[in-house]
Amino acid sequence: MKAIRRFTVRPVLPEPLRPLSDLARNLRWSWHTETQELFRAVDPEGPRSADADPVRLLGTVPAARLTELAGDQHFMRRLTEVSEDLREYLGGPRWYQSRLSEGAELPAAIAYFSPEFGVTAALPQYSGGLGILAGDHLKAASDLGVPLIGVGLLYRHGYFRQSLSRDGWQQEHYPVLDPNELPLTLLREADGTPSRVVLALPGGRSLYASIWQAQVGRVPLLLLDSDVEENAPGERDVTDRLYGGGSDHRLLQEMLLGIGGVRAVRTYCRLTGHADPEVFHTNEGHAGFLGLERIRELSETGLDFDAALEVVRAGAVFTTHTPVPAGIDRFDRQLVARHFGDDGELPGVGAEKILRLGMETYEGGEPGLFNMAVMGLRLAQRANGVSTLHGSVSREMFSGLWPGFDPSEVPITSVTNGVHAPTWVAPEVLRLGDGALDAEAAGDAVAGTAGGTGDGAASAAGLRHSAAVPDREIWDLRRGLREQLVTEVRGRLHASWRGRGAGTAELGWIDGVLDPDVLTIGFARRVPSYKRLTLMLHDRDRLRELLLHPTHPIQIVVAGKAHPADDGGKRLIQELVRFADDPRVRHRIVFLPDYGMGMAQKLYPGCDVWLNNPLRPLEACGTSGMKAALNGCLNLSVRDGWWDEWFDPGFGWAIPTADGSATDEERRDELEANALYALIEDRVAPRFYDRNAEGLPERWIEMVRSTLATLGPKVLAGRMVREYVERLYAPAALSRRALKPAAARDLAAWKTRVRAAWPQVTVDHVEATADTAVGGTAELGSTLALRVRIALGGLDPEDVEVQVVAGRVDSGDAIAEARTFPLKPAGGHDLEDRWLYEGPLALDRTGPYGYTVRVLPAHPLLASGAELGLVAVPNASTGDGGGVLLR
């Protein structure tokens, strides 16, 4: 029979054990070794998987065992110590508080919005790198004391669980998650009733959502849940699963995340007294509607739409994670329009104003589509990509929003991702060198001191200490981790084959899968086509030779999920699974289904080499290789994402790419696959098996040591979060504070005036006075005296900046490595409203050299001269100008 109502019965802990509840409900346990060990002691015989949730554990421990623990003095001492440690962690000053005490002007709070969060396997609300990055961002912010509030959705089915059919086809399963059985707390009003946020939907309908809170160390994570009784069946399913449903479903999810998320933050701050955020950080475009809700809030204070938009932009940060337009959510403009205006959200605001924020109204765009990333960029004064290369790709991809500017000048910077060391570093690595890399050094800050910097400087010091660890100890550690991986793989492979229908009698061969003494390569990630899961299969005979080499064999562990709607990705998985099923090689290559955080935490430490072979430059960052590096695993990767900026031969190998010479995709794959095989055969495997008289691969160990000591400190999430604070959050907070209502109205009016006048702003005449004619030659170190006449179209000189842009030129007169120099007004205007500007141009570079002049809008509250996307340059007939040859 089926129950007509479901509820959860919570355990009642004996009074002395009540602190266990606080420890279980703060997700710091997921990266704090002492807390994990304490819960293992609660039930020593229980499961030790990475997704073992202490909340669920406490609900299954017999009452007699709890009574026994309450009387166990040794256990109670440990409980007191761990509880006191958490109390100090939550309440003591850390890096952020130290910066404030030094006089730094930092935001009172930051709201961080993301469609997914990978904090722990026990809270499966993530699909891949975006969510794992968001989880690491929260954890590092907690370690650093950054007053962050995370905002996301609670998916009742999470992402899917993956299994394989007998013929290797991906199968998806969606287990139901009960939030009462997860490490979550329902946010309630003072009278005990559940807090709600509500959105207006077309036709007079409403979308309600409750607010669940996960505590990630010091950081609250608010998750909105539409599965509440007030909703009709269709609305209850809005948060059913991550990245599911059609366009209308996805739009409702993103409206709930953005608009509902802001309302959830306001509710949380009202109920708890937490400081209201001064900065709103949108992690990818899914949460972009948060800016519209903030505009609505400000409109209730008397600001009009344009002035409110300026305030919102000043305090907003937008991070883009995709290097391809296909990775961005785009909606039909009519679908978006239906959900706004008097019959939906933001009544009183014309739908056209809202649509203008996201429409692709630029050359190459599709005007009928509403682009969430475009809205994110238009609603944020500060934006960034997630690696240096990705920043460059993003500036190129979105350059249509800033016409007239070179891609290098598009106002999108980059903050390279990092990973949270205490989450991803194996305990054995932390204990390397008799505790040289202890857990405190790998994560928690030295609280209360200016040097307390979370998992940045603290763990950097610990990682660098690996230089003192003997070779033998490093090598024994690596073999031990490889052996653990072999055991893990065999267990998972056995379970996978049983799920595929194999009987126990068929599976004896699994006991011989992998060898703890063989070079082990890992490859695990999502399976879109650009990540090229099957590049290794391009020449199967050659791969078999590498796997079965008589003296230098390799073995490969592969994992990954294809999106449920991506049959192409599923075919790639099936292709690899069928190859791995071949009895000739199945002991050397395996595919493990259901890749997630629990598997990853075993996989990274146990591999010797981490493989990444995307189509360059389509990997925005690729943080899996960072996690592997923190465990002493070497990288073998295309120079894409983070590996492009931090590659060094001491850390691994760069796979040569054919992106500059091969346009045919098949030919490119062939060239790059052959380069991969050659690297493994000629350099990677020989170095691994090159042993000295003591049986140690000295050169390999030196690379492991270099990876830990030199690369490790660079890839930490603490470094990443500090960069966000100092380069983006703090300037955004200052900009927001500067925009008082009067200033916001003035700025909006100024922009309107400038945009209206800009068609009449022209560069009418340019002349240069020097010892040479334009197009001739000049001596290095000489100076050109420039005189420029500008028509300002009724604007004042303080409304603009006039610049000379100069640098080396190519055969087409395009300026490369350009530098800009301001020109100054040299007098009033003439009868035709033309203004004279003058200034020197020092010729400090040899070779073909050129310059031009341009006019940009200028205002003290702009973050950059390119912000408005307006520029005026000379036409072909404007006076002197052009290039000179310096000698």
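Residues numbered from 1 in each chain as written. Predicted model: local features only at pLDDT ≥ 70, side-chain atom pairs only at ≥ 80, totals over all residues. Heavy atoms only, no water.

Chemist: Is there a simple way to think about the overall build of the protein chain in this case?
Modeler: Along its length, the protein chain carries 30 helices and 28 strands. Expected size for 887 residues packed as a compact globule is a radius of gyration near 29 Å; at 30 Å, the protein chain falls within 12% of this value. For the protein chain, the C-alpha atoms occupy an extent of roughly 95 × 70 × 55 Å along the three principal directions. Burial status across the protein chain gives 57% buried among its 887 residues. In the protein chain, 74% of the contacts between residues at least 6 apart in sequence involve partners at least 24 apart. (Helix = DSSP H or I, 4+ residues; strand = E, 2+ residues; numbered from the N terminus. Rg over C-alpha atoms; globule rule 2.2 N^0.38 Å. Buried < 20%, exposed > 50% of the residue type's maximum accessible area, 1.4 Å probe, protein only. Contact = heavy atoms within 4.5 Å.)

Chemist: Sorry if this is basic, but what is going on with the environment of Val-721 here?
Modeler: Secondary-structure assignment places Val-721 in helix α29 (residues 717-738). Relative accessible area serves as the criterion here: at 1%, Val-721 is assigned to the buried category.

Chemist: What am I meant to see in helix α30 (residues 741-757) here?
Modeler: Residue pairs three or four apart in sequence face the same way in an α-helix, which turns once every 3.6 residues. Counted at 1.5 Å a residue, the expected span for α30 with its 17 residues is 24 Å, and the 24 Å between its end C-alpha atoms agrees. For α30, the full list of buried residues reads Ala-744, Leu-747, Ala-748, Trp-750, Lys-751, Val-754 and Ala-757. Check the buried side of α30 and you find it contacts α11 (305-314) and β27 (847-857). (Expected span 1.5 Å × (residues − 1).)

Chemist: Teacher, can you tell me more about the state of the cysteines here?
Modeler: What makes a disulfide is a covalent bond joining the sulfur atoms belonging to two cysteines. A full pass over the atoms with the stated rule returns 0 disulfides. The structure places no disulfide on Cys-621, whose sulfur is separated from the nearest cysteine sulfur, that of Cys-633, by 16 Å. (Disulfide = S-S within 2.5 Å.)

Chemist: Looking at this model, I keep getting lost on the nonpolar core. Mind explaining?
Modeler: Taken as a class, soluble globular proteins show a tendency for nonpolar side chains to be buried jointly. Leu-519, Met-536, Ile-556, Leu-636, Trp-653 and Trp-700 are the most contacted members of the largest nonpolar core, which totals 102 residues. Leave out the neighbours within four places in its chain, and Met-536 touches Phe-523, Leu-543, Ile-556, Val-558, Leu-576, Ile-589, Leu-611 and Tyr-677. Of all hydrophobic cores here, the second largest spans 98 residues; its members include Leu-252, Phe-280, Leu-786 and Tyr-837. (Core = buried A, V, L, I, M, F, W, Y, C linked by side-chain atoms within 4.5 Å.)

Chemist: Could you clarify how one ought to interpret unusual backbone geometry in this entry?
Modeler: Following Arg-616, the chain continues into Pro-617 via a peptide bond in cis, with omega recorded as 5°. Its place among the elements puts Pro-617 in the loop between β18 (609-612) and α25 (624-629). Of note, the phi angle at Leu-346 is positive, near 55°, even though the residue is not glycine. Following the sequence through the fold, Leu-346 ends up in the loop between α12 (333-338) and α13 (351-358). A relative accessible area of 2% means that Leu-346 is categorised as buried.

Chemist: Would you mind going over the environment of Ser-496 with me for this structure?
Modeler: In this fold, Ser-496 is placed in helix α21 (residues 471-499). Sequence-wise, Ser-496 and Ser-163 are 333 residues apart; in three dimensions their C-alpha atoms are separated by 7.0 Å.

Chemist: Sorry, what's going on with the packing of helix α10 (residues 290-299) against α11 here?
Modeler: In a pair of packed helices, the angle between the axes and the distance between the axes together describe the arrangement. Two elements in contact, α10 and α11, have axes whose closest approach is 9 Å; the angle formed by their N-to-C orientations is 125°. Put simply, α10 runs oblique to α11. For the pair α10 and α11, the sense of crossing is right-handed. Here Gly-291, Arg-294, Ile-295 and Leu-298 of α10 come into contact with α11, specifically with Phe-305, Ala-308, Leu-309, Val-311 and Val-312. By residue class, the composition of the contact of α10 with α11 is 7 nonpolar, 1 polar and 1 charged. (Axes fitted to C-alpha atoms, helices over the stretch in contact; angles between N-to-C directions. Parallel < 35°, antiparallel > 145°, perpendicular 65-115°, else oblique. Left-handed = near helix turned anticlockwise from the far one by under 90°. Nonpolar A, V, L, I, M, F, W, Y, C, P; charged D, E, K, R; others polar.)

Chemist: What am I meant to see in the packing of aromatic side chains here?
Modeler: Any pair of aromatic rings gets described here by the distance separating the centres and the angle formed by the planes. Enumeration over the complete set of coordinates arrives at 18 aromatic pairs. Seen in terms of ring centroids, Trp-642 and Trp-646 are 6.5 Å apart; in terms of plane orientation they differ by 55°. Their pairing is tilted. Pair noted here: Trp-642 and Trp-646 are both in helix α26 (residues 641-646), with a separation of 4 residues, about one helical turn. The class of Trp-646 is buried, set by a relative accessible area of 14%. What links up through ring pairs into an aromatic cluster is the set Trp-475, Trp-653, Phe-688, Tyr-689 and Trp-700. The ring of Trp-497 has Arg-500 lying over it, and the distance from NZ or CZ to the ring centre is 4.1 Å. The positively charged end of Arg-691 is found above the aromatic ring belonging to Phe-688, 5.2 Å away from the centroid. (Phe/Tyr/Trp six-rings, centres within 6.5 Å; stacked < 30°, edge-to-face > 60°. Lys NZ or Arg CZ within 6 Å of the ring centre and 35° of its normal.)

Chemist: Explain the packing of helix α2 (residues 33-42) against helix α5 (residues 73-91) here, please?
Modeler: Contact geometry of α2 with α5 gives a least axis separation of 10 Å together with a crossing angle of 150°. Classed by the angle they form, the pair α2 and α5 counts as roughly antiparallel. Crossing angle aside, the handedness with which α2 passes α5 is left-handed. Contact with α2, carried on its side by Glu-34, Thr-35, Glu-37, Leu-38, Ala-41 and Val-42, involves Phe-75, Arg-78, Leu-79 and Val-82 of α5 and no other residues of that element. Grouping the amino acids of the contact of α2 with α5 by side-chain chemistry returns 6 nonpolar, 1 polar and 3 charged.

Chemist: Before we go on, may I ask you to explain the pairing of strand β17 (residues 589-592) in this structure?
Modeler: Within a regular strand, the side chains alternate between the two sheet faces. Burial along β17 is two-sided: the face carrying Ile-589 and Phe-591 and the face carrying Val-590 and Leu-592 are both buried. Where strand β16 (residues 554-559) lies against β17, 4 bridges are found, and the strand directions are parallel. Within the sheet, the bridge partner assigned to Ala-559 lies in β17 and is Leu-592. The parallel pair β16 and β17, bridged by helix α23 (residues 567-580), forms a crossover whose chirality is right-handed. (Pairing = 2+ DSSP bridges. Right-handed = clockwise from strand over helix to strand, strands pointing away.)

Chemist: Hey, could you run me through the pattern of salt bridges in this one?
Modeler: Two side chains of opposite charge can pair, provided their charged atoms sit close to one another. Applying the stated rule across the entire model yields 61 salt bridges. In this structure, the salt-bridge partner of Arg-56 is Glu-181, at a minimum N-O distance of 3.9 Å. Remark: Glu-181 occurs in the loop between β4 (170-173) and β5 (185-186) and Arg-56 occurs in helix α3 (residues 54-60); sequence separation between them is 125 residues. Put simply, Arg-787 and Glu-838 hold a salt bridge, and the shortest N to O gap is 2.2 Å. Residue Arg-787 is located in strand β23 (residues 783-791), and its partner Glu-838 is located in strand β26 (residues 834-842); the two are separated by 51 residues in the primary sequence. Each of Arg-263, Glu-293, Arg-296, Glu-300 and Glu-345 takes part in a single network of salt bridges with overlapping partners. (Salt bridge = Lys/Arg side-chain N within 4 Å of Asp/Glu carboxyl O.)

Chemist: Whenever I open this one, the sheet that holds β18 confuses me. Can you help?
Modeler: Sheets are built from strands paired through backbone hydrogen bonds, the pairs being either parallel or antiparallel. Here 6 strands make up an open sheet; going across it, the order is β17-β16-β15-β18-β19-β20 and the pairing parallel. With partners counted over all chains shown, the strands left at the sheet margins are β17 and β20 (652-655), one partner each. The sheet shows a mean angle of 20° between the axes of neighbouring strands, taken without regard to direction. By the bridge criterion, 6 bridges tie strand β15 (residues 519-524) to β16 in an arrangement that is parallel. Residue pairing for β16: Thr-520 is matched across the bridge by Gln-555.

Chemist: Explain the environment of Ala-337 to me, please; I cannot follow it from the model alone.
Modeler: In this structure, Ala-337 sits in helix α12. Judged by its relative accessible area of 19%, Ala-337 falls in the buried class. Here the alpha-carbon distance between Ala-337 and Gly-350, two residues 13 residues apart in the chain, equals 9.2 Å.

Chemist: Would you explain the side chain of Asn-371 in this entry?
Modeler: Note that Asn-371 resides in strand β12 (residues 369-371). Judged by its relative accessible area of 4%, Asn-371 falls in the buried class. Looking at Asn-371, its side chain comes within polar contact range of the main-chain nitrogen of Val-374, at 3.0 Å. The residues touching Asn-371, leaving out its near neighbours within four places in the chain, are Ile-328, Asp-329, Arg-330, Gly-358, Glu-360 and Tyr-362. (Polar contact = N/O pair within 3.5 Å; in protein donor to acceptor, adjacent residues only side chain to side chain.)

Chemist: Would you mind going over helix α27 (residues 665-689) with me for this structure?
Modeler: Here α27 spans 34 Å end to end across 25 residues, near enough to the 36 Å set by a 1.5 Å rise per residue. At Ile-680, α27 shows its maximal bend, which comes to roughly 40°. The N-capping residue of α27, defined by a side-chain oxygen 3.3 Å from the backbone nitrogen of Glu-666, is Asp-664. (Bend = angle between axes of the 7 residues up to and from the residue.)

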